[in-house]
Each structure stands twice: as C-alpha cells, then as structure tokens.
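# Understanding the architecture of this molecule
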Amino acid sequence: MRAPAGWLICILCAGFSGAAMADGVKQEAIDEMTDAAVQLFPMGRVFEMFATEDPLWPMQEKPDAITAEQLSCVREELSQPGYWRAKREEVVEYAEAHPDRFDDDLRLLQSGSAELLGKLVMGGVMSAQSGEPVDESELLAGVSNDQVLSMMTLVGDPDYADLRRMTGLGESMSPDQSKAQIEKSGYQKGFSLAARQMIKAMRSCDVPPSAYL
C-alpha cells in the first residue's frame, strides 16, 4: 500500500529539519573556533590599523597599478570581517580533517590561550609601531594562572600541533627556544601570515601579481 503523499512530505520535512539542526550546532562551533583563532592572531585588526593611517594602503607604493574598485575590494578583504571570513574557511577544513578533536581544541582556545596570545601579539605590534618596548606588567594585568596554563598547553603539547598550525601559531613559541628566538620566530610568522593573507586578498579581487610585486 502506498503511503499518502502528505506522509512522505512530512517524513522529508522531518529529515531536513533534523539535518538543519545538526548543521546549526556544527556551524555554531565552527564560528566559535573562528572567533577564537582570530582572537589569537588578530590580523584583521592589525590590517585595519594600517588602513586607517593611509587611504591607499596596501597599494601606497603603486597606487595607480589597480582601480579604485579593486583597492576597495582588497581593503575589505583585509578588514576584520574579511579576515574572519577567510579564517573561517580554514576552520571548516580543520573541522573536516579533525572532527574527533574539534571540541577539545575549541575548549582549549576558549580556556584562555587565545585571549592571552592575542594580547601578546598586539603588544608586539604596538611595540614595533612605537619603537618602544612593551610594558609587560600592563600588558599582562589581570591575566590568570589558568590562562597561562592554557597557553603553555597550546604552544608546547604535541597533541595540539595541528591546532597550532591551523591558528597560524605553528612552532613559533616552542618551549625549547630562547626568548630572543621566540621573538624572531614570532616576527617571521607574523610576516608570513600577513603576506599570505594579502596575496589571497589580491587574488579574490582579481589583482595580478604585476600590480603589487
């Protein structure tokens, strides 16, 4: 006996409703991971600082090499919302590759490591801009022991190597390095991440390499 068409529609609707709910939970976790990764490496915030200082940034060296529309597009891609969207794509790939670790990784970032590392990154950026050493006591005011433990777990535990790569941290803060080596590695890592993001922005806005090299 055939099931009435109405029943079939109800069954299909119920199935799609369940899938949407599951996807909604997953998407929320992905968004939270993206928020944490961006907090750890606030590249969009740094880019916006440069953009505020110069309306032609990042094409101030070759302002006539691209159109006004392309410049606007590039600056939007390098804004905080633009960087968040780009990072989210990486987080989606990470979630697909590491579904069993995703929740644990998210908990670690949200337990203080992302916030603390983000403060350190911004402290380094501000110091580089001003030419003055960062006031560590002011920078670390209010930081808890739990945040430090979370950060040390992230930067040193072998189990979180893949998470370090996804966030952009890599091995730039390996515990077996000296403070000077960590500072040098951090600078190199920051430069690499910034360059990669800029090239992605140029590609998204159809800007050829000849315009910015």
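The shown structure was predicted, so the numbers you read here are calculated from the model rather than taken from an experiment. (Residues numbered from 1 in each chain as written. Predicted model: local features only at pLDDT ≥ 70, side-chain atom pairs only at ≥ 80, totals over all residues. Heavy atoms only, no water.)

The subject of this paragraph is the layout of surface pockets. Gaps between atoms show up when a probe of the same size as a water molecule is rolled over them. Approximately 250 Å³ is the volume attributed to the second largest pocket. What lines the second largest pocket is a set of 13 residues, among which P58, M59, M198, M202 and Y212 lie closest to the centre. Elements that contribute at least two residues to the lining of the second largest pocket include exactly α9 (179–204) and α10 (209–212). If you tally residues by element for the lining of the second largest pocket, the top one is α9, at four residues. Here the residues of the lining of the second largest pocket are counted per class, giving 10 nonpolar, one polar and two charged. (1 Å grid on protein atoms, 1.4 Å probe; cavity = no way out; pocket = protein on both sides within 12 Å on 5 of 7 lines; lining within 4 Å. Points joined across faces, edges and corners; volume = space filled by probe spheres on them. Helix = DSSP H or I, 4+ residues; strand = E, 2+ residues; numbered from the N terminus. Nonpolar A, V, L, I, M, F, W, Y, C, P; charged D, E, K, R; others polar.)

Our next topic: the packing of helix α5 (residues 102–130) against helix α7 (residues 145–156). A pair of packed helices is captured by two measures, namely the crossing angle of their axes and the spacing between those axes. At a minimum axis distance of 7 Å, the contact between α5 and α7 shows a crossing angle of 90°. As judged from the angle between their axes, α5 and α7 are roughly perpendicular. Within the contact between the two elements, α5 uses L108, L109, S111, G112, S113, E115, L116, L117 and L120 and α7 uses D146, Q147, V148, S150, M151, T153, L154 and V155. (Axes fitted to C-alpha atoms, helices over the stretch in contact; angles between N-to-C directions. Parallel < 35°, antiparallel > 145°, perpendicular 65-115°, else oblique. Contact = heavy atoms within 4.5 Å.)

Centre distance and the angle of the planes are the two values used to describe a pair of aromatic rings. Tallying each qualifying case throughout the model produces two aromatic pairs. Aromatic pair F47 and W57: ring centres 5.6 Å apart, planes at 40°, arrangement tilted. On the criterion of sequence distance, the pair formed by F47 in helix α2 (residues 43–53) and W57 in the loop between α2 and α3 (68–77) is long-range, its members being 10 residues apart. You can call W57 buried: its relative accessible area is 8%. Taken together, F47, F50 and W57 form an aromatic cluster joined through their ring pairs. Cation over ring: R101 sits above Y160, and NZ or CZ is 5.0 Å from the ring centre. (Phe/Tyr/Trp six-rings, centres within 6.5 Å; stacked < 30°, edge-to-face > 60°. Buried < 20%, exposed > 50% of the residue type's maximum accessible area, 1.4 Å probe, protein only. Lys NZ or Arg CZ within 6 Å of the ring centre and 35° of its normal.)

Moving on to the side chain of R88. With respect to the element layout, R88 can be found in helix α4 (residues 80–97). Side-chain polar atoms of R88 contact the side chain of Q27, separated by 2.6 Å. Setting aside anything within four residues of it in sequence, one finds R88 in contact with Q27, I30, D31 and T34. (Polar contact = N/O pair within 3.5 Å; in protein donor to acceptor, adjacent residues only side chain to side chain.)

We now examine the packing of α2 against α4. Relative to each other, α2 and α4 sit at 150°, their axes nearing to 8 Å. As judged from the angle between their axes, α2 and α4 are roughly antiparallel. Regarding α2 and α4, the two cross each other, and that crossing is right-handed. On α4, the residues touching M43, G44, R45 and E48 of α2 are Q80, P81 and Y83. Split by residue class, the contact of α2 with α4 holds three nonpolar, two polar and two charged. (Left-handed = near helix turned anticlockwise from the far one by under 90°.)

Let us look at α4. Look at α4: 26 Å from first C-alpha to last across 18 residues, which is about the 26 Å you get at 1.5 Å a residue. All of the buried residues along α4 are G82, Y83, A86, K87, R88, E90, V91, Y94 and A95. (Expected span 1.5 Å × (residues − 1).)

Bear in mind that shape data such as this cannot, by itself, settle questions of function.
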